[in-house]
Structures are given as C-alpha cells and as structure tokens.
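# Structural overview for review
Below, each chain spelled out in residue letters.
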Amino acid sequence: MNAEFFAALDDIERDKGISKAYMLEKITLALTAALKKDHPTAAENIFVRVDENAKKIDLYVRKTVVEEVEDPDTQMTLEEAKKIQKKAVLEEEIDVPVETKKFGRIAAQAAKQVIIQGIREAERGMVFDEFTSKEHEILTGQVTRVDPRSGSVSVRIGSGSENTEGMLSPHEQVRGEVLREGERVKVYVVEVRRSTRGPQVLISRTHPGLVRRLFELEVPEIGEGLVEVMSIAREAGSRTKMAVWSNEGDVDPVGACVGPRGGRVAAIVDELGGEKIDIIPYSEDPAAYIAAALAPAQVVEVNLAAGDEKVCRVVVPDDQLSLAIGKEGQNARLAARLTGYKIDIGPVSAAGGGN
C-alpha cells in the first residue's frame, strides 16, 4: 500500500465520483476480514491503520505479553515483545505489525476485490440516485436490443453523466409500434427500483404520464402554470383524452394545447405515431365536464344520479349515438375514465324526446 495505490484512489474519486474515504473504509474492512481468516482466534485483536499523509496502510495484531504462550494468535513471549518494544513488560499489550510479505499478499488480493466491488456498488448508487430524480419524467434513449422471443426491448437511457439499461416490456409498448435496434425513442420513467444486479429502471411508452410530459415540453403555458392538465385517459396507440383548465380568463387552455394551426398537438401526435388526441375543457360542473368529454359527439343533456354516486345518464341525438359510444365503446370508455363517472348513453328517441 504505497503512494501509487493512494494515487489510484484519487483517480477513482476524480473520474468516477467515488470518494476516497468510502473506498478506504471498504478496504479497511476487507483487510481486517482477510487477516481474521488466517488468525481466527485473534478476531477482536486485529486493527488496520490508515495514514493518508504518509500514504501508508498498516495491519496489526494486538498480542498480550505472557510467560508461556498458549495462543500464538493473541499472545507472545517477553523476549519476542522486546524485539518490537524494548521496554515491554509482562501482561502488556503490544501491536505487532503483520509480516510485510504476508501483508502484501493479503492486501493486494483484498484491495483488488474491494476496489472492484466498491466501484460497482458506488456506481449503482449514483445511477439509482440520478434516475430516481427522473421518475415521472421523459428521457430519450436508444434501442439496443429487441428480444424476438419475449418482445421486450432494451433501451439505453442517460441522465446527466449516468447511463443505464431500461427494459420496455411488451405491455409497456404501443400496440402496432415497431422499434428497431439503433432507433432513438422517448420513454417515460415509471419507477426506479433497487435490485441485486443494480438499479432497475421501469420505462413505458403507454403510460398517460408520457402524454402529460410531452404537452408540458411542447406548450409553454403549461410550464408557466397558466394552463393545467387536470386528467388524462389513454389507450396507447389509438386515442387519448386530456382535460385542461386555466384560471386565467384571457387564456384559452384548449387553444394553447392545440397551438397555432394545430402545430403543438400535431408534433405530439407525430411523436406518438399518429395516436388521436382529444383536448377538452375541464369544468367543475360535472354535467358540463361529461358532455365535453364525449366529444366529438354532441350531447343533449346529462342527468346525474342523486347523492354522491358517480353515475350519470347521457342523452344524445339518435344520429350521434354511435359516435358518442365510439368504435368498440372506446369514446365512452375514455370519457368515463377521464371524468371518473360511470356513463350510460342513450338516444333522444329512447328518452321520449323524438328525433
């Protein structure tokens, strides 16, 4: 353990951001554990001393001076003690340096293992901390592998100076979207978990949060707090409904999200591979909100159930019924998820209003 070794720790600290103190602590524990294996009965008598100024790490076994040695790991004769400390006396405790040759072998093996493991652990910790701060954000990654059997896609994502591999499982991929190796793609960071193999970053292309973040990036009024996204219901790859609201009277929240000549929403639709997006005005009046949520269908009236039960009956013109329900019930289903109401849709004729 010489100056070159300490210089290497300085390099690790500078290049990888892993503190020298952290590495020295790990190395000290490893050296102690290594020597304890060779001196099992001296486990409590083993010490490591680090002198950063002198660039030295020394290993000692504390032994008691006795007349007759019963355990050579913890005891030594007076004659042996005086070779180390001339004024040694019986019953005194002497710190005996470990033999240089033996110490060198133990130290080299232990230090190497600890440095490798320490770097790995510290890097995992830094990756975990970095990506935890990116939960519920959008990151751009590069597809590195597509598993033909499982359909899972590996995406190399970066944040700051850290990079890691995220796994895009089949149910987090947009139906019909084909991702190819080398392709760059935007993903939503759902969660970051610790695992035995390092941080596990869960990413998605189907999460409603992806749409929310795309609008936040594209629409300045959302970033400035003038427009607020109140709710999103999404069937990825097909259709999204998003309710927006503004407490600024002169700000049109829907218009802000659509953008001049529809440019803002068009950019997001392109990013999502042509997914349709309905942007509707949020209202604190449930009936008005539900009617707007069923766009593009026209609504004649909305009858809310009595009490706190979130159920309603919606009446639409006869020729708007299929539009209100949508293909395979999608429009009504998304409107219900967006508003939180169970919606029963019927035609005017069935309500007794005629055509």
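Just above sits the structure.
Not measured: the values here are computed from a predicted model.

### Description of the packing of helix α1 (residues 3-16) against helix α2 (residues 20-38)
Running from N to C, α1 and α2 cross one another at 130°; their axes reach a closest spacing of 9 Å. As summarised for this structure, α1 and α2 are arranged oblique, according to the angle between their axes. The crossing of α1 and α2 is right-handed. Contact residues: F5, F6, L9, D10 and E13 in α1; K20, M23, L24 and I27 in α2.

### Notes on the packing of aromatic side chains
This model, assessed by the stated rule, comprises one aromatic pair. Aromatic side chains Y282 and Y289 sit 4.8 Å apart centroid to centroid with 70° between the ring planes, which places their arrangement in the edge-to-face category. In this structure Y282 comes out as partly exposed when scored by relative accessible area, which is 25%. A relative accessible area of 7% places Y289 in the buried class. In this structure, R49 packs its charged tip against the face of Y60, placed 4.3 Å from the ring centre. Of note, R62 hangs over the ring of F47, and the distance from its end group to the ring centre comes to 4.2 Å.

### Some thoughts on the sheet that holds strand β15 (residues 342-347)
What the three strands build is an open sheet, ordered β13-β14-β15; its pairing is mixed. Each edge of the open sheet carries a strand with a single partner, namely β13 (301-304) and β15. The mean inter-strand angle of the sheet, taken between neighbouring strand axes irrespective of direction, is 20°.

### As for α2
For α2, spanning 19 residues, the distance from its first C-alpha to its last is 27 Å, which sits close to the expected 27 Å at 1.5 Å a residue. All of the buried residues along α2 are K20, M23, L24, I27, A30, L31, T32 and L35.

### Observations regarding the pattern of salt bridges
Applying the stated criterion to the full structure yields 21 salt bridges. For the salt bridge of E137 with R213, the shortest nitrogen-to-oxygen distance reads 3.8 Å. Here E137, found in the loop between α4 (100-132) and β5 (138-146), pairs with R213, found in helix α5 (residues 208-218); they are 76 residues apart in sequence, far enough to count as distant. Overall, E137 belongs to the partly exposed group, its relative accessible area being 31%. Across the pair R264 and E221 runs a salt bridge whose closest N-O atoms are separated by 3.0 Å. Note that R264 is positioned in helix α8 (residues 263-271) and E221 in helix α6 (residues 220-223), a separation of 43 residues in sequence. Assessed through its relative accessible area of 17%, R264 is described here as buried.

### So, the sheet that holds strand β11 (residues 239-245)
Read across the sheet, three strands follow the order β10-β11-β12 without closing on themselves; strand pairing throughout is mixed. Looking along the sheet, the strands with just one partner apiece sit at the ends: β10 (228-235) and β12 (276-281). Across the sheet, the mean angle separating the axes of adjacent strands is 20° when strand polarity is ignored. Pairing between β10 and β11: seven bridges, direction antiparallel. When the bridges of β11 are listed, E228 appears paired with W245. Against the sheet, helix α11 (residues 330-339) engages β10, β11 and β12, with an angle of about 140° to β10.

Conventions we followed
- Residues numbered from 1 in each chain as written.
- Predicted model: local features only at pLDDT ≥ 70, side-chain atom pairs only at ≥ 80, totals over all residues.
- Heavy atoms only, no water.
- Axes fitted to C-alpha atoms, helices over the stretch in contact; angles between N-to-C directions.
- Helix = DSSP H or I, 4+ residues; strand = E, 2+ residues; numbered from the N terminus.
- Parallel < 35°, antiparallel > 145°, perpendicular 65-115°, else oblique.
- Left-handed = near helix turned anticlockwise from the far one by under 90°.
- Contact = heavy atoms within 4.5 Å.
- Phe/Tyr/Trp six-rings, centres within 6.5 Å; stacked < 30°, edge-to-face > 60°.
- Buried < 20%, exposed > 50% of the residue type's maximum accessible area, 1.4 Å probe, protein only.
- Lys NZ or Arg CZ within 6 Å of the ring centre and 35° of its normal.
- Pairing = 2+ DSSP bridges.
- Expected span 1.5 Å × (residues − 1).
- Salt bridge = Lys/Arg side-chain N within 4 Å of Asp/Glu carboxyl O.

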